[in-house]
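The lines below spell out each chain.
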Amino acid sequence: MAGPSGAPEPALVAPGGAGPRSLLGSPPADLPDPAEAAVWVRDLTRRFSSFEAVRGIRFAVAPGETFGFLGPNGAGKSTTIAMLCTLLRPTSGTALVGGYDVVAARAEVRRRIGLVFQDTTLDDYLTAEENLRFHAELYGLPRRQAAERLDAVLAMVGLADRRRSIVRTFSGGMKRRLEIARGLLHSPRVLFLDEPTVGLDPQTRAHIWEYVDQLRQAEAITMFLTTHYMDEAEHCDRIAIVDQGRIVVMDTPEALKASVGQDRVEIQTADDARAAEALAERFGIQAARGGEGLTFHVAGGESFVPRLFAELPVAIASVRIARPTLDDVFMAYTGRSIRDAEASAGERLGASPWIRARRR
Amino acid sequence: MTELRPPLPPAAVPPGEEVGSPRLAPVAVHVAGGTLREDLRAVRVVWRRELIRFARNRLRIVTSLVQPVLFLFVLGTGLSTLVARGIPGATTTSFRTFMFPGVVAMTVLFTAIFSAVSIVWDREFGFLREMLVAPVRRGALVAGKCLGGATVATVQAVIMLALAGLVGVPYDPLLLLTLVGEMLLAALAITALGTLLASRMAQVESFQVVMQFVVLPLFFLSGALFPLRALPAWLAALTKIDPLAYVVDPMRRAVFAHVHTSPAVRRLFGAAMTWDGWRVPVGVELGLTALLAALFLGAAVAAFSKSD
């Protein structure tokens, strides 16, 4: 596995994140025109009495983009979502969703967003259909359109045949699917998904991502999601790695991984000694000989393979390319693994911010 | 203000590429924009949800009957022999007749408070968030919740009302209608109070506090279980500031207007609330209850509108 060998590229660090705060007050050269962004956030902070959960983040999400917040529990992901969804007032900073301010124009923001929360917000005593009807009525959808839309979203998440079942009888995965259906019912411009797969088994998680990917393609919907599963962040067009209330780095998953280091390539050949010699000679690569072949690091492993086959004068039996993972990325930018980060964050953040919000 | 979204651009999927489930067609959907009609729809759907939940929880309906039935038939019968002694013309039924409106009021009180405090459960289980992020006025949500809780409490009390015949109260349509009206008003006031309290409650455990410090004192001081006549001064004073006393009294007066009993029984059991010797008219009592209902409702709406 390619370790975080080189120092991170400074160009990738978001100015609102770990960098110096000298940009505060100056025109946001790093942010696009607010009118063109689906989500536009500048220097957003949120403090809970003594604890600062979000410490001045800035980013923008383009319409149609799938944008992910990746970070350990307690990094400020849910607090950020709560502010963007108008459920929590920012301590300072500005956030626009669909072009509207989340504080000054809460109602306008609420009309344009859909939400899938970390924990279920369905009524267990109602049927799937009744939960959706409740939502349709609350959002004032015209009756006929509501009926059509209800059929469509239920079919999409594969719950059409369970529409009259009480939600209490649903599995965790079915409930989450129903929540996604409900979040989409009023055709929001921005869909927020807060840890959409937390607490689900791997198979159901894969299923949920299938729906998300499908949505990405089918509807020109902007998605903002949070996750602390590294592999799931791969489903995003762009991700921001957050830690301790700050954006540490922000880019496409590919670029982030590329920034960390080279791919690791393992090959098995008919003659490892000769192959190693040839690698050094033709490509200037120092390969290590292990028990099962040769291992070496190279940038852009996939595009290197054709050259390898064309130019290596030894028969190749197998090739394996291992990409640096987002785990490596997190480690490279924060200096610790995501698991360590979760352990320390758990102590700081007790109850959910929703309950805190209500106490104010 | 309403808005129709422009249709979204066509799906960016290459033709022929199939995804497992049926595709969701992008559509322009009209979403609520704060008109009165939309708010009324929100009120109605929140109200309906309360009714559906009530109707689905049959066990709760039955369990809620146990306590009032025990009060009425066990405590009522046990005390009746004691009470009936020494009152000319009193029968063993008389005390149960007396207790009946009190026990019906108790049913309204407990059910209404429980319905209102279910907001705390909604918060705990997340459903409150689903409501709070909706593009409707918070007032509409609170109004729906209060009307729903009040309806549920009234329905539960109507089940108790069905037992009237067993305690010597006639099934007179006018009497029943009067009682239902009074119950509905009381239920609305109590649900509004409960909703106001729930806005300050973060945990389900706080329900016990409300039960011990609000509900039980309201109940015991209301005159539901004993006549308000000839009480020691301290107790008489406390009963006069109990809002529930102004609900129990009109209900009891309605009942005693429809039963045949001796003047002695009527004098002790049938009359109650006085202010400095002045018999408070039913209209004033109901007016006070309505005023409280409005105050609590306003405060509850304010409490929920203020929060994030």
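A. Highlighting the pairing of strand S8 (residues 222-227) of chain A. All names here are of chain A. For S8, the tally of buried residues reaches 6 of 6 residues, placing the bulk of the element in the interior. On S8, burial covers both faces: Thr-222, Phe-224 and Thr-226 on one face and Met-223, Leu-225 and Thr-227 on the other are all buried. Here 5 bridges tie strand S3 (residues 66-70) to S8, and the two strands are oriented parallel to one another. Paired with Phe-67 across the two strands is Phe-224, which belongs to S8.

B. Region of interest: the sheet that holds strand S14 (residues 316-322) of chain A. Residues and elements named next belong to chain A. What the 4 strands build is an open sheet, ordered S12-S13-S11-S14; its pairing is antiparallel. The outermost strands of the open sheet, each flanked by one partner alone, are strand S12 (288-290) and S14. Across this sheet, the average inter-strand angle for adjacent strands is 25°, counted without regard to direction. Pairing between S12 and strand S13 (residues 293-298): 3 bridges, direction antiparallel. Looking at S13, one finds that Arg-289 is bridged to Leu-294.

C. Looking closely at unusual backbone geometry. One non-glycine residue, Asp43(A), adopts positive backbone phi at about 50°. Tracing the chain through its elements places Asp43(A) in strand S1 (residues 39-48). Overall, the presence of 19 C-beta atoms within 10 Å leaves Asp43(A) in the partly exposed class. Despite not being glycine, Ala230(B) has its phi angle at roughly 55°, a positive value. Residue position: Ala230(B) is located in the loop between helix H7 (206-220) and helix H8 (233-240). The exposure class of Ala230(B) is exposed, given the 7 C-beta atoms found within 10 Å.

D. Fine view of the sheet that holds S8(A). Residue and element names in this part refer to chain A. Read from one edge of the open sheet, 6 strands run S6-S7-S8-S3-S9-S10, paired in mixed fashion. The outermost strands of the open sheet, each flanked by one partner alone, are strand S6 (113-116) and strand S10 (246-251). Averaged over all adjacent pairs, the angle separating strand axes in this sheet is 15°, with direction ignored. Taken together, the 4 bridges between S3 and strand S9 (residues 238-243) define a ladder with parallel strand orientation. Across the sheet, the residue bridging to Phe-67 is Arg-238, located in S9.

E. Examining the nonpolar core more closely. Judged by nonpolar contacts, the single largest core of 178 residues is most densely connected at Val39(A), Ala181(A), Phe192(A), Ala105(B), Val108(B) and Leu109(B). Considering each element in turn, this core owes the most residues, 18 residues, to helix H3 (residues 92-124) of chain B. Counting 9 residues, the second-largest nonpolar core is a separate cluster that includes Val265(A), Ile267(A), Ala275(A) and Phe296(A).

F. Just the packing of H3(B) against helix H6 (residues 173-199) of chain B, in detail. All names here are of chain B. Where H3 meets H6, the closest approach of the two axes is 8 Å, and the angle between their N-to-C directions is 35°. Considering the relative orientation of H3 and H6, their crossing is right-handed. Note on element contacts: H6 touches H3 through Met-183, Ala-186, Ala-187, Ile-190, Thr-191, Gly-194, Thr-195 and Ala-198, opposite Val-104, Ala-105, Val-108, Leu-109, Ala-112, Ile-113, Ser-115, Ala-116, Val-117, Ile-119 and Val-120.

G. Expanded view of the confidence of the model for chain B. All names here are of chain B. Residues with a pLDDT of 70 or more make up 90% of chain B, whose mean pLDDT is 87. In this model, residues 1-22 is a region of pLDDT below 50 whose contacts with residues beyond four sequence positions or in other chains number 32 contacts. Interface confidence for the predicted complex, given as ipTM, is 0.84, next to a pTM of 0.79.

H. Representation of the pairing of strand S4 (residues 92-97) of chain A within the structure. All names here are of chain A. In the sheet, S1 pairs with S4 via 5 bridges, with the strands oriented antiparallel. The partner of Thr-45 across the bridge, within S4, is Ser-92. Count of turn residues in the S4/strand S5 (residues 100-101) antiparallel hairpin: 2 residues, of which Gly-98 carries a positive phi of about 60°.

I. The environment of Ala187(B), seen in detail. Residues and elements named next belong to chain B. Looking at the element boundaries, Ala-187 is found in helix H6. Residue classification places Ala-187 among the buried residues on the basis of 32 C-beta atoms within 10 Å. Ignoring anything within four residues of it in the chain, the contact list for Ala-187 reads Val-108, Ala-112, Ala-150, Ala-153 and Thr-154.

J. Quick peek at the packing of helix H2 (residues 58-84) of chain B against H3(B). Residue and element names in this part refer to chain B. At a minimum axis distance of 8 Å, the contact between H2 and H3 shows a crossing angle of 155°. With respect to each other, H2 and H3 are oriented roughly antiparallel. The two elements H2 and H3 meet at a crossing, and its hand is right-handed. In this structure, H2 contributes Ser-64, Pro-68, Phe-71, Leu-72, Gly-76, Thr-77, Leu-79, Ser-80, Thr-81, Val-83 and Ala-84 to the contact, and H3 contributes Thr-92, Ser-94, Phe-95, Arg-96, Met-99, Phe-100, Val-103, Met-106, Thr-107 and Thr-111. In the contact of H2 with H3, the residues fall into 11 nonpolar, 9 polar and 1 charged.

Procedures and definitions
- Residues numbered from 1 in each chain as written.
- Chains lettered and ligands numbered in written order.
- Predicted model: local features only at pLDDT ≥ 70, side-chain atom pairs only at ≥ 80, totals over all residues.
- Buried ≥ 20, exposed ≤ 12 C-beta atoms within 10 Å, placed from the backbone.
- Helix = DSSP H or I, 4+ residues; strand = E, 2+ residues; numbered from the N terminus.
- Pairing = 2+ DSSP bridges.
- Axes fitted to C-alpha atoms, helices over the stretch in contact; angles between N-to-C directions.
- Core = buried A, V, L, I, M, F, W, Y, C linked by C-beta atoms within 7 Å.
- Left-handed = near helix turned anticlockwise from the far one by under 90°.
- Contact = placed C-beta atoms within 7 Å.
- pLDDT = per-residue confidence, 0-100.
- Parallel < 35°, antiparallel > 145°, perpendicular 65-115°, else oblique.
- Nonpolar A, V, L, I, M, F, W, Y, C, P; charged D, E, K, R; others polar.

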